[in-house]
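Residue strings, one per chain:
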There are 2 protein chains.
Amino acid sequence: MPQNDPHSIGIVETQYFTFAGSPDEMPLECGRKLGPITLAYETYGVLNEAKDNAILILHALSGDAHAAGYHAGDDKPGWWDIMIGPGKGFDTNRFFIICSNVIGGCKGSSGPGSANPQTGRSYGLSFPIVTIADMVNAQKRLVEHLGIKQLFCVAGGSMGGMQVLQWATAHPEMVRLAIPIATTSRLSAQAIAFDEVGRQAIQADPDWMQGDYYGKTIPHRGLSIARMIGHITYLSDQSMHQKFGRKLQNKQEYGYDFVTDFQVESYLRYKGDSFVKRFDANSYLYISKAMDYFDLTPPNGKLKDAFATTRANFLVISFSSDWLFPTYQSKEIVTALRQNNLNVIFTDIKTDYGHDAFLLEAGELTRLISNFLLHSHQQQQK
Amino acid sequence: MPQNDPHSIGIVETQYFTFAGSPDEMPLECGRKLGPITLAYETYGVLNEAKDNAILILHALSGDAHAAGYHAGDDKPGWWDIMIGPGKGFDTNRFFIICSNVIGGCKGSSGPGSANPQTGRSYGLSFPIVTIADMVNAQKRLVEHLGIKQLFCVAGGSMGGMQVLQWATAHPEMVRLAIPIATTSRLSAQAIAFDEVGRQAIQADPDWMQGDYYGKTIPHRGLSIARMIGHITYLSDQSMHQKFGRKLQNKQEYGYDFVTDFQVESYLRYKGDSFVKRFDANSYLYISKAMDYFDLTPPNGKLKDAFATTRANFLVISFSSDWLFPTYQSKEIVTALRQNNLNVIFTDIKTDYGHDAFLLEAGELTRLISNFLLHSHQQQQK
């Protein structure tokens, strides 16, 4: 519980920032415009007078603005509470932490489930396709709104890492340190394939109704299947073996039916069902598509060209058993950064947790990140 | 075309063997009984007088009895035509090749789509759960029907390899040589998880109707999604990268919509759609479940115990990029066989083709298998 934990940031509240008051103010990569845009965000710690101690935390596909601390009445803290708080890896005694929900999401920021101000009804599929660059451009407005000219650090795992890379390349003057974790400069064909099957499952659900299901029955079976597929890719063969193996669920022998036999089956169903309660199917379509589209390598260019104007110092972290965004993809990023003579620390953490390790490997991540931040912080203060 | 190819077995026909005339003659592992049972099968080459040159080929999840040659009017040969024919790895000039469709299937053998003789209607979900052991027990009846007391060899890839292992352990006196390829003694939690998500996709399709869809609309979207999931696991990250990478389908730029963008997406949809035309959704449920249940290790025992009475000589083949049934699982089999002092040749073929390599790596497979067969054949004739 928050009141008993000196390393918890305690009770926090989500805030909202709305900008682009005219209905078409922010141009998007797809060629359309979006506005007004609302971003849900949270902040932890105190912004110093120089406004140079801000760290922007970027979330993954199913994440939200609530990265740390507790919402009043909640038993569970934010999604990266192991990393953010007093004395933690992202130390709120030193740093001012910001985390905002991406556009296209369903946790308070503008997305397909939001009301279209022009019609008063949910956008549904009329919401424009957004990209990682669009997400970052919206965050930039929030950062500027908070009066911050340069972020001390941008950090995140998985899709959060893509946003880190996008920040460091698109807005180099605003990023001092960058920590992309368990991420990639572009999805492999295999990762796109998994995303597409998940989208197919959602769209195959008759309750999806071309995305126009708000206020009606939600496409829970389709979204649940999409989540189950995703979840398998977040774990490793080893971690699933250790956690489940071939253990049966509440029985000694096979059921010889199509009801759950193995623990891994009921676990996946549980994961799928619980996801449906907290996530919007259309947001799953939009955000997974944004990940598929992300590709830092310029057309007819090389990855190193993407970092030509980048200035940040990097801490790149991958996980040895991550097969969704494997270590070799982080190494490609590291090589491209070094080809631009940028300062890079790279660590491949040995772990069985797979892609999800960025949410679990608190010890190693804390050690690496706090050292990286404090070293740079001390240099800044000299 | 068959008439132009001296290495093709030419035109072949599927035959049918029906046994267990009483309605409940063959006991199944689940405790229920099944009968009459029909097996669809094909044979290639000539059974010699001693009836000691028979090779039983065992198919994978979506395979059938049509392993080689051409059905009249067809442009495409059987599913393992690269391996079976005059002068090929399984040389029909020397050997009598048998391949039968598994029970539970949908290609002529008794399965959920067959008419229940007691009702005249398709079994649907009233078809009993069948296991790999049940499939093999039915094949044993066919082999005995053909007058064969001992098979010179049993061979197959993926689920076919499980049947090879089952044959060699359950009926050791009937198996002289065994060639399990790209297989496992039991599925990992990850492989079970993928199977379960595929089954969930089928059962989530409203046209599935608890399996009672025969003569009505088939659950094509659910089955298509199940196949897409499976197909990703049959390929490797490397082969998908080489085949598709991030290439777009018929366009130069992103579509910024949820219609197909990447070639890998349209490829998967095509694979899903074409599978629906040739496969039954209920059979997918039954056969994938049979694979999940397969576990050679006895309760409270070790894998080596499974091979205590096995006599066959083994050629075990795995593929370096197979992540569905990875090389380490073949190595576990090899270790268990050697702990029983059985003769084992083991090869891990270096390939980027992933699990599907057993259908593609004709050169290496032919070299390994023809050497293994001919060496043993010559010893037999001495």
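The residue count restarts for each chain, going from 1 along the sequence in the order it is written. Written order decides the labels, with chains lettered from A and ligands numbered from 1. Whole-chain, interface and lining totals are the exception, using all residues; otherwise, since this is a predicted model, local features are given only for residues with pLDDT of at least 70 and side-chain atom pairs are given and counted only at 80 or more. As a convention, hydrogens and water are excluded, and side-chain values are obtained from all of the structure's heavy atoms.

Our focus in this paragraph is the overall build of chain A. Assigned secondary structure in chain A consists of ten helices and twelve strands. Its C-alpha radius of gyration of 21 Å places chain A within 12% of the 21 Å reference for a compact globule of 382 residues. Dimensions along the principal axes, computed over C-alpha positions, put chain A at roughly 70 × 55 × 50 Å. Total accessible area computed for chain A in this model is approximately 14,600 Å², and 47% of it derives from carbon and sulfur atoms. The numbering of helices and of strands both runs from the N terminus, where a helix is a DSSP run of H or I of at least 4 residues and a strand a run of E of at least 2. We compute the radius of gyration over the C-alpha atoms and compare it with the globule rule, which gives 2.2 Å times the number of residues raised to the power 0.38. Each accessible area is a Shrake-Rupley result for a 1.4 Å probe, and residues are judged covered by the shown protein chains and nothing else.

Our next topic: the domain arrangement of chain A. It is common to report an interface's size as the accessible area lost on association of the parts. Residues and elements named next belong to chain A. Start and end positions for the domains come from either an automated domain assignment or a database one. The domain architecture assigned to chain A consists of domain 1 (2–186 + 295–381) and domain 2 (191–289). Computed over C-alpha atoms only, the centres of domain 1 and domain 2 are separated by 26 Å. Counting residues at the interface gives 29 residues for domain 1, matched by 28 residues for domain 2. For any pair of parts, buried area is found by adding up, for both, the accessible area (1.4 Å probe) each one loses once the two are put together. For the pair domain 1 and domain 2, the two sides together bury roughly 2,300 Å², of which 64% comes from carbon and sulfur. Just to be clear on terms, a salt bridge is a Lys or Arg side-chain nitrogen sitting within 4 Å of an Asp or Glu carboxyl oxygen. For the interface between domain 1 and domain 2, the tally reads one salt bridge. The partner of D212 in a salt bridge is R121, with the nearest N and O atoms 3.2 Å apart. The term polar contact refers here to a pair of N or O atoms within 3.5 Å; inside protein, the definition further demands a hydrogen-donor-capable atom paired with an acceptor-capable atom, and it admits residues adjacent in sequence only when both atoms are side-chain atoms. Inspection of the region where domain 1 meets domain 2 yields 14 residue pairs in polar contact (both at pLDDT 80 or more). Taken together, the residues of the side of domain 1 that touches domain 2 break down into 15 nonpolar, ten polar and four charged. Residue contacts follow a heavy-atom distance rule, with two residues in contact if any of their heavy atoms lie within 4.5 Å. Charged residues are taken to be Asp, Glu, Lys and Arg, nonpolar residues to be Ala, Val, Leu, Ile, Met, Phe, Trp, Tyr, Cys and Pro, and polar residues to be all remaining types, Gly included.

A few words now on the interface of chain A and chain B. Counting residues at the interface gives 55 residues for chain A and 55 residues for chain B. Buried area between chain A and chain B, summed over both chains or domains, comes out near 4,800 Å², and the portion from carbon and sulfur atoms is 66%. Of all residues in chain A, the largest losses of buried area upon contact with chain B belong to R246(A), Y256(A) and F258(A), amounting jointly to 18% of the total for that side. Our count for the chain A to chain B interface comes out at ten salt bridges. Across the pair D261(A) and K289(B) runs a salt bridge whose closest N-O atoms are separated by 2.8 Å. Of all elements in the fold, only α3 (189–204), α4 (220–234), α5 (237–243), α6 (263–278) and α7 (281–293) of chain A reach the threshold of two or more residues within the side of chain A that touches chain B. Among the elements that take part in the side of chain A that touches chain B, α3(A) stands out by supplying twelve residues, more than any other.

As a general point, the strands of a sheet are linked pairwise by backbone hydrogen bonds and lie either parallel or antiparallel. All names here are of chain B. Any two strands with at least two DSSP-identified bridges between them are counted as paired. Overall, mixed pairing links the eight strands, which are arranged β1-β4-β8-β5-β9-β10-β11-β12 in an open sheet. Looking at the sheet topology across the chains shown, the edges are occupied by β1 (15–19) and β12 (344–349). Ignoring which end each strand starts from, the neighbouring axes of this sheet average 20° apart. Those strands touched by helix α2 (residues 159–170) are β5 (54–58), β9 (151–157), β10 (175–181) and β11 (313–319), and its axis lies near 145° from that of β9. The axes used here are C-alpha line fits, helices contributing only the stretch in contact, and every angle between their N-to-C directions lies in the interval 0 to 180 degrees. Contacting β5, β9, β10, β11 and β12, helix α10 (residues 362–381) runs over the sheet at an angle of about 170° to β10.

The subject of this paragraph is the environment of P172(A). All names here are of chain A. Relative to the elements of secondary structure, P172 occurs in the loop between α2 (159–170) and β10 (175–181). As for P172 and F307, which are separated by 135 residues in sequence, their C-alpha atoms are 9.1 Å apart. Other than its neighbours up to four places away in sequence, P172 contacts W167, T309, T310 and R311.

Residue and element names in this part refer to chain A. The tally for this structure, following the rule as stated, stands at 30 salt bridges over all chains. For the salt bridge of D81 with K88, the shortest nitrogen-to-oxygen distance reads 3.1 Å. You can call K88 buried: its relative accessible area is 14%. Each residue's exposure class comes from its accessible area (1.4 Å probe, protein chains only) as a fraction of the maximum for that residue type: buried when under 20%, exposed when over 50%, partly exposed otherwise.

Residue and element names in this part refer to chain B. Counting through the fold element by element, E42 comes out in strand β4 (residues 37–44). Only four residue types enter the tally: Lys and Arg on the positive side, Asp and Glu on the negative side, with His and both chain ends excluded. For the buried E42, no salt bridge exists, and the shortest N-O distance to an oppositely charged side chain is 10 Å, to K107. Separated by 3.0 Å, the side chains of E42 and H66 make a polar contact. Setting aside chain neighbours within four positions, we find E42 in contact with V12, E13, T14, A65, H66, A67, A68, H71, I97, I98 and C99.

All names here are of chain B. Most of β9 is tucked away: seven of the seven residues are buried. With four bridges connecting them, β5 and β9 associate as parallel partners. Bridge pairing links I55 to C153 in β9. Bridging between β9 and β10 involves six bridges; their strand directions are parallel. Note that in β10 the partner of C153 across the bridge is L177.

Time to look at the packing of helix α4 (residues 220–234) of chain B against helix α6 (residues 263–278) of chain B. Residues and elements named next belong to chain B. At a minimum axis distance of 8 Å, the contact between α4 and α6 shows a crossing angle of 125°. Judged by the angle between their axes, α4 and α6 are oblique. Like other packed secondary-structure pairs, α4 and α6 cross with a definite hand, here right-handed. Taking contact as the criterion, the partners of H220, L223, S224, R227, M228, H231 and I232 in α4 are, on α6, Y267, L268, R269, K271, G272, D273, F275, V276 and R278. Classifying every residue of the contact of α4 with α6 gives seven nonpolar, four polar and five charged. An angle below 35 degrees is read as roughly parallel, one above 145 as roughly antiparallel, one from 65 to 115 as roughly perpendicular, and any other as oblique. Working rule for handedness: look at the near helix, and if it is turned counterclockwise from the far one by less than a right angle, call the crossing left-handed; if clockwise, right-handed.

Glancing now at the packing of aromatic side chains. Each pair of aromatic rings taken from Phe, Tyr and Trp, with Trp reduced to its six-membered ring, is defined by centres within 6.5 Å and is described as stacked if the planes are under 30 degrees apart, edge-to-face if over 60, and tilted in the remaining cases. On inspection of all chains with the given rule, the structure shows 38 aromatic pairs over all chains. Following the ring pairs from residue to residue traces out a cluster consisting of Y123(A), F127(A), Y286(A) and F258(B). Note on geometry: a ring has a charge over it if NZ (lysine) or CZ (arginine) is within 6 Å of the ring centre and within 35 degrees of the ring normal. One cation-aromatic arrangement involves R227(A) over F275(A); the distance from NZ or CZ to the ring centre is 4.2 Å.

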